[in-house]
Amino acid sequence: MNTPADSVSHTPAISAQAEMVTVRAGLPWWRLLARDPLALCAAVWLAFLLVCMLIAPMFLGKAANDMNLLARNLPPWSLDKGWLMILGSDSLGRSILARLLVGAQNTLSVAFAAVVLAMLIGGALGLIAGYVGRGVGNLIMRLSDVIQGFPSLLLAVIVLYMLEPRVANLIIVLAVTRIPSYLRVTRAEVLEIRSRGFVDAARAMGAGRTHILWRHIVPIVAPTLLTILTVDFAIVMLSESGLSFLGIGIQPPEITWGLMVAQGRKHLSNAWWLAFFPGLMIMITTLAANLLSNWVRLITDPVQRWRIEAPKAAATNA
Amino acid sequence: MLAYLTRRAVHSVIALTGLVIAVFFLARLTGDPTNLYLPPEASREAREEFSRKHGFDRPATEQFARFVGDVLDGNLGFSLKKQRPAVEVVLEAYPTTLKLAAVTLLIAISLAIAVGALAAYRPGRVFDRVGSTGSLIGASAPDFWVAITAILLFAESLRWLPTSGTGGFPYWVLPVTVLALRPFGLLVQVVRGAMMDALASAYVKTARAKGVAERSVIFVHALRNALLAAVTVAGDIAVGMINGAVIVETVFGWPGVGKLMIDAVEQRDFAVIQASIMITAAAIFLMNILIDLLYVALDPRIRHQ
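How each quantity is defined
Residues numbered from 1 in each chain as written. Chains lettered and ligands numbered in written order. Predicted model: local features only at pLDDT ≥ 70, side-chain atom pairs only at ≥ 80, totals over all residues. Heavy atoms only, no water. Helix = DSSP H or I, 4+ residues; strand = E, 2+ residues; numbered from the N terminus. Buried < 20%, exposed > 50% of the residue type's maximum accessible area, 1.4 Å probe, protein only. Contact = heavy atoms within 4.5 Å. Areas by Shrake-Rupley, 256 points an atom, 1.4 Å probe, with all protein chains shown as cover. Lys, Arg positive; Asp, Glu negative; His and termini not counted. Charge placed at Lys NZ, Arg CZ, Asp CG, Glu CD. Domains from an automatic or database assignment. Buried area = accessible area lost by both parts, 1.4 Å probe. Salt bridge = Lys/Arg side-chain N within 4 Å of Asp/Glu carboxyl O. Polar contact = N/O pair within 3.5 Å; in protein donor to acceptor, adjacent residues only side chain to side chain. Expected span 1.5 Å × (residues − 1). Bend = angle between axes of the 7 residues up to and from the residue.

What follows is about the overall build of chain B. The secondary structure content of chain B amounts to 13 helices and zero strands. Projected onto its principal axes, the C-alpha positions of chain B cover 85 × 60 × 30 Å. Per-residue burial over chain B gives 47% buried out of 305 residues. In chain B, 73% of the contacts between residues at least 6 apart in sequence involve partners at least 24 apart. Roughly 14900 Å² of accessible area belongs to chain B as shown, and the carbon and sulfur atoms make up 65% of that amount. Positive and negative side-chain charges in chain B, numbering 28 and 23 respectively, have mean positions lying 12 Å apart.

Below you can see the structure in the form of structure tokens.
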């Protein structure tokens, strides 16, 4: 992570002060993470889910789909039927815990694929709108207005009625609804960066459009887009769950957390745990993504970074 | 300023036109309504008669041309389900949603400003930590899950509040709370960040240095400037409100426009989908222009070119 301090340290006049700053700026990201307990918890939780995503379907895939009619609607916190039933079982006797861990794969990969797709398309369109002529730029901006004037949930509902509610379609729909935010931010930054001196200098030295975009503009815009990505991940996960809840997201027998809440809703009065735990998973995971994105924004912002780096006392007295 | 407003209005009309075209064709791609509105044993003649009567037998482009002509005449079509003009159906549902949204926004905004400002005043203290974390939880909570959990707890177990439906005060508590959660969480984050920037600014130092009372430093100098940032996200919150209303109205059985839209898509009631989306989008575009104007009113430094 380069902060202004790195470039300052070459000037001998303020080297003593700069050296001290450079040492601080050199703190690796994992040590910064360790200083913020909430962000650390969030990172650990997301890492845990990532592992679940990769290995849970292999080990628990069978347990998540195996029906056991003798163990229907088993209440949670009991180990009588084995540790898999610790969070209870659903109306077909399937382990809630196994379903949660296996369902992590669908829920997270859909959200992740959607935000990455939105970032790539939105970023590319934003670069074009900001750097290439006004006509194309205006057309792109009007398209983005159309998407923004449309409640995203409705767009998704209509499109998913039209296409089959398959995973790929769901990803595309969710990505489309998130494109405008990347597009606008990229365009605004490009408009600002292209008027800076170093871009003029590059152009004066004969650099082509593609070269300037890739070597001078994209590296500056990319970190901003990555920050939006982390916030968007949380938003998209909630949207995906909402769609599943309305019954137009991924369809059974696939497992997602939103779908589990929808299925559990019917049994709410006699088996609350069917809908409660998956919803809790959605909330904790969204919260973790939000916390982590706040932390990323903090450490990538040179003005705010000291809040984490400085000793505790100084931070609370500010 | 007038030139700016004209340009914004032209942009909105272009976007609205694009939206209408998109909705028209997307809605027709969702399937043939004939099978939904006629019994399965209906004869072929009856089906053709139904299609002919509503113009579904014509090519989509011809249907679109007729639709555009009707819209220009101020006719937004006829609801298949309700057998009434679509505009009537939509305008009937709107007050419910608007009332719900207005109450929710009022509560969410005033609470968020108070919590955000207080949290920013002493960052890192207990109130800040509780407030910030609480608002993040609010912004992260899936509204549909909070809704059904709250129904289970407060309506079915404790029997304090009704499970669903519309009526007096008790009917409002759960829907408003659920719908307010996310705007509240989002706004607290924004207000807190902006307030911290404002409190660290030179003009606040100047105000303190010349002995302005702390109360007026906070409310007059800092908060007024911090509120600009809150206005920026108002548009997003309004659009998010409609998404939230779809869920909340579905779960609590409110006859608002969110539920109407979902039902209309499900029932392939094209005229109602088009009418409700056109009216909603027009309202959102109008509000975005109003927000731009509000900016100028709040901050005289901003001049739209």
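Residue and element names in this part refer to chain B. Along its sequence, chain B is organised into domain 1 (2-72) and domain 2 (87-298). One C-alpha centre belongs to domain 1, the other to domain 2; they are set 33 Å apart. At the junction of the two partners, domain 1 supplies 21 residues and domain 2 supplies 16 residues. Overall, the association of domain 1 and domain 2 removes approximately 1600 Å² of surface from exposure, summing both partners, and the carbon and sulfur fraction of that is 73%. Counting across the domain 1 and domain 2 interface gives zero salt bridges. Applying the counting criterion to the domain 1 and domain 2 interface returns zero residue pairs in polar contact (both at pLDDT 80 or more).

What follows concerns helix α5 (residues 96-131) of chain A. Compared with an ideal rise of 1.5 Å per residue, which puts 36 residues at 52 Å, α5(A) spans 51 Å between its outermost C-alpha atoms and is within 8% of the ideal. The sharpest bend along α5(A) measures roughly 30° and falls at G103(A).

This brings us to the environment of A245(B). In this fold, A245(B) is placed in helix α11 (residues 234-252). Sequence-wise, A245(B) and A180(B) are 65 residues apart; in three dimensions their C-alpha atoms are separated by 10 Å.

Attention now goes to helix α12 (residues 257-266) of chain B. In terms of burial, α12(B) is a largely internal element, seven of the 10 residues being buried. All of the buried residues along α12(B) are V257(B), G258(B), L260(B), M261(B), I262(B), A264(B) and V265(B). Where α12(B) is buried, its residues contact α7 (152-162) and α10 (209-246) of chain A together with α5 (86-121), α11 and α13 (270-298) of chain B.

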